[in-house]
Amino acid sequence: MSSHPKAVPPEDALRFLQLTARLLLQYNFRSELIKRKLGQAARSLGLDVQVFVAYRGVTLYAADGQQLHAQAGEFHINVAVSTRVNEILEKLDRGLLGLNEAAIAMASVEASASRHSRYLVAFFFGLAASALAWLSRAGFVAILVSGLASGLGVLARQALAKHKPVLFAMPFTATLIGALMGG
């Protein structure tokens, strides 16, 4: 672990902030938190940067006139990624990571984040659907069928998502599973 020097190449620091901005935005951090975290990281790197957050974009304005934009194609919720991004920024701020180490760690966050087993996710979605049916005072068979249909639906959506399906493929598949299970 090395302490980062105060004189870092501004281009490298700005690229690090751009990557960090995309991750913070894409993994569903609030706008004010994105501004605060990027501002703190910029100060730790010795940069004077203004941060503007829009719906799906973050723009960084450096004091020397450079502008960088980070955009999130879609939003995700992954606590493992969010936690890891926070850890890297905290270590950078405390001087436990240099810019190069922080950039390497930040670039690998999405690939190294832990993922839940697809079958575990399907089980919990099925359990949640069964619980909702039970709360609605459904019969035992309806509780069982709603749980199975929900679990199978999650597995089907995950399988379809790998192949970039046409617009209505996922809702059609979910409807078909529900109709077959309900019948």
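As a starting point, this report considers the structure included with it. (Residues numbered from 1 in each chain as written. Predicted model: local features only at pLDDT ≥ 70, side-chain atom pairs only at ≥ 80, totals over all residues. Heavy atoms only, no water.)

## Remarks on the side chain of Q26
Secondary-structure assignment places Q26 in helix 1 (residues 10–26). With residues up to four places along the chain from it excluded, the contact list for Q26 reads A72, E74, F75, H76 and E110. (Helix = DSSP H or I, 4+ residues; strand = E, 2+ residues; numbered from the N terminus. Contact = heavy atoms within 4.5 Å.)

## Quick look at the packing of helix 1 against helix 3 (residues 79–94)
Here helix 1 crosses helix 3 at 145°, and the two axes come no closer than 11 Å. Helix 1 and helix 3 meet at a crossing whose hand is left-handed. Seen from helix 1, the contacting residues are F16, T20, L23 and L24; seen from helix 3, they are V85, L89 and L92. Partitioning the contact of helix 1 with helix 3 into residue classes produces 6 nonpolar, 1 polar and no charged. (Axes fitted to C-alpha atoms, helices over the stretch in contact; angles between N-to-C directions. Left-handed = near helix turned anticlockwise from the far one by under 90°. Nonpolar A, V, L, I, M, F, W, Y, C, P; charged D, E, K, R; others polar.)

## Looking at the pattern of salt bridges
Summed over the entire model, instances satisfying the criterion amount to 4 salt bridges. The partner of E90 in a salt bridge is R94, and the shortest N-O contact between them spans 3.9 Å. With E90 and R94 both in helix 3 and 4 residues apart, the pair spans about one turn of that helix. Classification of R94 by relative accessible area gives exposed; the value is 55%. (Salt bridge = Lys/Arg side-chain N within 4 Å of Asp/Glu carboxyl O. Buried < 20%, exposed > 50% of the residue type's maximum accessible area, 1.4 Å probe, protein only.)

## Side note on unusual backbone geometry
Even without being a glycine, N28 presents a positive backbone phi close to 70°. With relative accessibility at 46%, the residue N28 sits in the partly exposed group. A positive phi is found at R137, a non-glycine position, where the angle reads about 60°. For R137, the position within the fold is in the loop between helix 6 (118–135) and helix 7 (140–161).

## Topic: the pairing of strand 2 (residues 57–62)
Along strand 2, 5 of the 6 residues are buried, which leaves the element largely enclosed by surrounding structure. Relative to strand 2, strand 1 (residues 49–53) runs antiparallel, the two being bridged by 5 bridges. Across the sheet, Q50 pairs through a bridge with Y61, a residue of strand 2. Here strand 1 folds back onto strand 2, and the loop between the two strands holds 3 residues. Taking the residues between adjacent antiparallel strands as the criterion, strand 2 and strand 3 (residues 67–71) are bridged by 4 residues, where G65 takes a positive phi near 100°. (Pairing = 2+ DSSP bridges.)

## Looking at the nonpolar core
Residues F16, L17, L38, V49, V58, V85 and M106 are the most contacted members of the largest nonpolar core, which totals 37 residues. Looking at this core, the elements that each hand over two or more residues are helix 1, helix 2 (31–44), strand 1, strand 2, strand 3, helix 3 and helix 4 (99–107). Sort the elements by how many residues they give to this core and helix 1 lands first, with 8 residues. Dropping the residues within four chain positions of it, V85 is found in contact with L23, L24, M106 and V109. (Core = buried A, V, L, I, M, F, W, Y, C linked by side-chain atoms within 4.5 Å.)

## Things to note about a nonpolar patch on the surface
There is a patch of nonpolar side chains on the surface, built from L120, F123, F124 and L127 and spanning about 390 Å² of accessible area. Structurally, L120 is set in helix 6. (Patch = residues over 30% accessible without salt bridge, like charges linked within 9 Å, V, L, I, M, F, W, Y side chains within 5 Å. Areas by Shrake-Rupley, 256 points an atom, 1.4 Å probe, with all protein chains shown as cover.)

## Observations regarding the sheet that holds strand 1
Taken together, 3 strands build an open sheet; the order of strands is 1-2-3 and the sheet is antiparallel. The open sheet terminates on both sides in strands that have one partner only, identified here as strand 1 and strand 3. Sheet twist, expressed as the mean angle between neighbouring strand axes with direction ignored, is 15°. Across 5 bridges, the pairing between strand 2 and strand 3 is antiparallel. Within strand 3, the position partnered with V58 by the bridge is A70. Packed onto the sheet, helix 1 meets strand 1, strand 2 and strand 3 and runs at close to 25° relative to strand 3.

From the geometry alone we can't say anything about function, so treat these as descriptive.
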